[in-house]
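These are the residues of each chain, in order.
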Amino acid sequence: MTNLISIKSATLSEDIAQQLTSAIVQGHIPQGSKISEPELAKQYGVSRGPLREAIVKLEGLGLVTRTANVGARVIQLNIQDMLDTFTMREALEGMAARLAATTMHAKEVSSLYALLDKHQAYLDDNQDEHYVQQGGNDDFHLRIIHASGNAKLIRLLTEELYAVIRMYRRHTADQRSDPRQALREHRAILDAIANHEGDLAELLMRRHISRASQLLKQAMEKTTLASH
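Residues numbered from 1 in each chain as written. Predicted model: local features only at pLDDT ≥ 70, side-chain atom pairs only at ≥ 80, totals over all residues. Heavy atoms only, no water.

Turning our eyes to something else, we now look at the overall build of the chain. When helices and strands are counted, the chain shows nine helices and two strands. Tracing the chain from N to C terminus, the helices and strands come up as α-α-α-β-β-α-α-α-α-α-α. In the chain, which comprises 228 residues, the proportion classed as buried is 42%. In the chain, the share of contacts with a sequence separation of at least 24, taken over all contacts with a separation of at least 6, comes to 76%. (Helix = DSSP H or I, 4+ residues; strand = E, 2+ residues; numbered from the N terminus. Buried < 20%, exposed > 50% of the residue type's maximum accessible area, 1.4 Å probe, protein only. Contact = heavy atoms within 4.5 Å.)

Before going further, it helps to spend a moment on the pattern of salt bridges. For the structure shown, the criterion picks out 14 salt bridges. Ionic pairing is found between Arg-89 and Glu-93, a salt bridge with its closest N-O pair at 2.7 Å. Of this pair, Arg-89 and Glu-93 both sit in helix α4 (residues 79-103), four residues apart, roughly one helical turn. In this pair, the class of Arg-89 matches that of Glu-93, namely buried. (Salt bridge = Lys/Arg side-chain N within 4 Å of Asp/Glu carboxyl O.)

A few words now on the environment of Ser-36. Mapped onto the secondary structure, Ser-36 falls in the loop between α1 (12-25) and α2 (37-44). When the C-alpha atoms of Ser-36 and Arg-73 are compared, they prove to be 8.9 Å apart, with 37 residues separating the residues in sequence.

Attention now moves to the packing of α1 against helix α3 (residues 48-60). At a closest axis distance of 8 Å, the pairing of α1 and α3 adopts a crossing angle of 50 degrees. By the angle between their directions, the pair α1 and α3 is classed as oblique. In terms of crossing hand, the pair formed by α1 and α3 is right-handed. Facing α1, whose interface residues are Leu-12, Ser-13, Ile-16, Ala-17, Leu-20, Thr-21 and Ile-24, α3 presents Pro-50, Leu-51, Glu-53, Ala-54, Lys-57 and Leu-58. Residue composition of the contact of α1 with α3, grouped by class: nine nonpolar, two polar and two charged. (Axes fitted to C-alpha atoms, helices over the stretch in contact; angles between N-to-C directions. Parallel < 35°, antiparallel > 145°, perpendicular 65-115°, else oblique. Left-handed = near helix turned anticlockwise from the far one by under 90°. Nonpolar A, V, L, I, M, F, W, Y, C, P; charged D, E, K, R; others polar.)

It is worth spelling out the packing of α2 against α3 at this point. At a minimum axis distance of 10 Å, the contact between α2 and α3 shows a crossing angle of 110 degrees. When the interaxial angle is binned, α2 and α3 end up roughly perpendicular. Between α2 and α3 the crossing geometry is right-handed. Contacts from Glu-37, Pro-38, Leu-40 and Ala-41 in α2 reach Arg-48, Leu-51, Arg-52 and Ile-55 in α3.

So, in structure tokens, the structure goes:
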């Protein structure tokens, strides 16, 4: 962490938090590593005040824990936390899919089909290599969450769980099998939403996330065994 990063925004601490979130999710700041305020302040070219505000925000996102007399550290991913997180995710995203079947506009449905076509093209062009999970508009799950129209549900999933979920997904992306299966499940969910079948959309989303959690569990167990 030696390169000076330029940050230009009215909300400095939020920019720093976004940069740090990305670095943690992508593994550039390793799991379990200590957060060095002097080093990060130098890297980002900012004072300690905005940096501390950003670290507090990361604590709220569940990416950082703070211990008395030790300081802040990046979380260490573990199987039990993943299962707890994905149990919540399954229930909440299932509800989001149900609501989206009622609230999602036809234009957004078409846009999501185009997104899935883009994912399909990537798999076709790259011999079924896993495409990197994208954030923002390219994240199929995130767009369904926002389409639910439920502000509290959106806040829970996008502010309190989303960064950690992305961290787990990216951590095991190369070890998960059959990316086309996930794509098929995405299409089935979107078909149910497009047909305004809320019950089916919820059921399919819950099954999709339950399957993902089991694949993540297997991948994490394999990683644990390989490290011993």
